[in-house]
Amino acid sequence: MSESEPPRFEVTKAGTVRDIPLRPHEVGERITPADRVFTLAHFGLGRIAAADWFLSIEGQVERPLRLTLAELGQFPRVAIEAVHQCAGNPLQPDIPTRRVAAVVWGGVRLADVLEAARPAAGGKFVWADGADGGEFGGSACAFFRKDLPLERVGEDVLLATEMNGRALADRHGAPVRLVVPGFYGTNSVKWLWRITLADRRANGPFTTRFYNDTLADGQVSPVWALGPESIIVTPAPGTRIAGATGITGWAWADRPIVSVEIGDDGGEGWEEATVESRHARTWQLWRHVWRPRATGPLVLRCRARDSAGVAQPETGRRNAWHAAELFVASV
Ligand SMILES: Nc1nc2c(c(=O)[nH]1)N[C@H]1C(S)=C(S)[C@@H](COP(=O)(O)O)O[C@H]1N2
Ligand SMILES: [Mo]
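Computed from a predicted structure; not experimentally measured.

**Q** When you look at the side chain of glutamate 261 in this model, what are you seeing that I'm missing?
**A** Within the secondary structure, glutamate 261 is located in strand E22 (residues 257-264). At 2.8 Å, the side chain of glutamate 261 forms a polar contact with the side chain of arginine 303. For glutamate 261, the contacting residues outside a window of four places in its chain are Trp270, Glu271, Glu272, Ala273, Arg301, Cys302 and Arg303.

Okay, structure coming up:
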């Protein structure tokens, strides 16, 4: 590893930041306004002056590179609409938090930039370093470091400089962040300054100690691809409904969602909602008309399934079924 220093990072807010302005029933807009998108940061917030920024490309490449912002701007620009979701607190990885938004990222393709550095045969994983570091959950690191398989890069991984057509805000990682569409937000490293191509997964607490799920069969699975998830957006919790009522929400996963079902607590079976087909990498609207059978409290639940047949789990996972508690005034 080279010992290069990051660009100057001016800390503007210290400590873990969890700013979640919207609850699930408040993310009704197809594209979340940038000023309503959640902000998560393990070590606080900061800023890098555009003139100070650079990206270093190192490791298993034939031609290591160091790019300024102007040089990055020479690569073809792309935009991609994608769901953006936090995996939740890494100390409580099984608890659903529904910190989710959908935005249009603008930037350049990491694949194009990596190609300029000529990847060597041994490169299998991309390590990404943010300029922020410190202590989290009893582990310390110099830089927030994540990784992803090199084979994923060709799809649509971005070096993003824009959110919803405007320059990235400092809190979202300006001037340049990584964006891995279809992966949990933790993988989209903010204040990006170094990319290392390596033959193995990255060291550091955020790829070893945190963000690794132990599955039922004992296998360890990195928190990369978004699991299938659906949420009820309307009606809002607590709404009194009368008779047949339209229910709407979003569903998403790394793969397209092919089915969303709605059920109540009575366990009288699930009803199939209508789900729109997927555009780009973003969430899919679903809708269903629910006909209540009895007056009184009603708990509606939804569950999604993706194109590989993977189902949203009932409990015990970050993407467990979502519920809305309503009240039926009349049937
Ligand atoms: N450099 C850096 N990048 C980071 C983080 C961080 O703490 N430092 N947090 C990650 C997590 S956990 C999430 S959910 C997303 C949140 O991105 P946002 O704040 O722009 O919505 O950033 C990711 N990228
Ligand atoms: Mo997160």
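Let us keep going from here.
**Q** Can you help me understand the packing of aromatic side chains in this one?
**A** Both the distance between ring centres and the angle between the ring planes are used here to describe each pair of aromatic rings. All chains considered together, the criterion is met by 13 aromatic pairs. On the basis of an interplanar angle of 65° and a centroid distance of 5.3 Å, the ring pair of phenylalanine 9 and tryptophan 191 is categorised as edge-to-face. Taken as a pair, phenylalanine 9 in the segment before strand E1 (10-14) and tryptophan 191 in the loop between strand E15 (177-179) and strand E16 (192-198) lie far apart in primary sequence, 182 residues in all. Residues phenylalanine 9 and tryptophan 191 agree in their burial class; the two are buried. The interplanar angle of 35° and the centroid separation of 6.5 Å between the aromatic rings of phenylalanine 206 and tyrosine 211 together place this pair among those described as tilted. One exposure class covers both phenylalanine 206 and tyrosine 211, and it is buried. Residue placement shows arginine 303 over the ring face of tryptophan 270; its charged tip is 3.9 Å from the ring centre. It is arginine 318 that lies over the ring of tyrosine 184; its NZ or CZ is 5.3 Å from the centre.

**Q** Is there a simple way to think about the nonpolar core in this case?
**A** Burial of nonpolar side chains together is a common tendency in soluble globular proteins. Of all hydrophobic cores here, the largest spans 64 residues; its most connected members are Leu110, Leu159 and Leu178. Of all elements in the fold, only strand E5 (54-59), strand E6 (65-68), strand E8 (100-109), helix H2 (110-116), strand E9 (125-130), E16, strand E19 (229-234) and strand E21 (245-252) reach the threshold of two or more residues within this core. If one sorts the elements of this core by residue count, E16 sits on top with five residues. Among the domains, domain 1 (10-222) and domain 2 (229-330) are the pair contributing at least three residues each to this core. The residues contacting leucine 178, other than those within four sequence positions of it, are Leu110, Ala128, Leu148, Val157, Leu158, Leu159, Asn187, Ser188, Val189 and Leu192. Grouped together as the second largest cluster of nonpolar side chains are 18 residues, Ile232, Ile262, Ala304 and Leu326 included.

**Q** I'm lost on the site of ligand 1 in this one. Help?
**A** As a matter of local geometry, ligand 1 sits amid 19 residues, with Phe38, Asp132, His172, Arg177 and Lys190 nearest to it. Phenylalanine 38 is positioned with one of its backbone polar atoms (N or O) 2.7 Å from an oxygen atom of ligand 1. Between a nitrogen atom of ligand 1 and a main-chain N or O atom of serine 188, the distance comes to 3.0 Å. The fraction of the free accessible surface of ligand 1 (530 Å²) that becomes covered by protein chains is 99%. Of the residues in the shell around ligand 1, the class split is eight nonpolar, eight polar and three charged.

**Q** Explain the sheet that holds E16 to me, please; I cannot follow it from the model alone.
**A** One key point about sheets: their strands pair by backbone hydrogen bonds, in either a parallel or an antiparallel sense. Strand order in the open sheet formed by five strands is E6-E5-E16-E9-E12, with mixed pairing between adjacent strands. Looking at the sheet topology across the chains shown, the edges are occupied by E6 and strand E12 (145-149). For this sheet the average axis-to-axis angle between neighbouring strands, irrespective of direction, equals 20°. Of the pairings in the sheet, the one linking E5 to E16 comprises four bridges and is parallel in character. Each residue of the ladder has a partner; that of glycine 59, found in E16, is leucine 197.

**Q** Would you mind going over the pattern of salt bridges with me for this structure?
**A** Where charged atoms from two side chains of opposite charge approach closely, those side chains can pair. Tallied over the entire structure, the rule returns 21 salt bridges. A salt bridge links arginine 303 to glutamate 261; the shortest N-O distance between them is 2.8 Å. Pair noted here: arginine 303 is in strand E26 (residues 296-306) and glutamate 261 is in strand E22, with a separation of 42 residues, a long-range link. Among the charged side chains, a salt-bridge network with shared partners connects Arg152, Glu155, Asp156, Asp254 and Arg281.

Reading the values: rules and limits
Residues numbered from 1 in each chain as written. Chains lettered and ligands numbered in written order. Predicted model: local features only at pLDDT ≥ 70, side-chain atom pairs only at ≥ 80, totals over all residues. Heavy atoms only, no water. Helix = DSSP H or I, 4+ residues; strand = E, 2+ residues; numbered from the N terminus. Polar contact = N/O pair within 3.5 Å; in protein donor to acceptor, adjacent residues only side chain to side chain. Contact = heavy atoms within 4.5 Å. Phe/Tyr/Trp six-rings, centres within 6.5 Å; stacked < 30°, edge-to-face > 60°. Buried < 20%, exposed > 50% of the residue type's maximum accessible area, 1.4 Å probe, protein only. Lys NZ or Arg CZ within 6 Å of the ring centre and 35° of its normal. Core = buried A, V, L, I, M, F, W, Y, C linked by side-chain atoms within 4.5 Å. Domains from an automatic or database assignment. Near = heavy atom within 4 Å. Areas by Shrake-Rupley, 256 points an atom, 1.4 Å probe, with all protein chains shown as cover. Nonpolar A, V, L, I, M, F, W, Y, C, P; charged D, E, K, R; others polar. Pairing = 2+ DSSP bridges. Axes fitted to C-alpha atoms, helices over the stretch in contact; angles between N-to-C directions. Salt bridge = Lys/Arg side-chain N within 4 Å of Asp/Glu carboxyl O.

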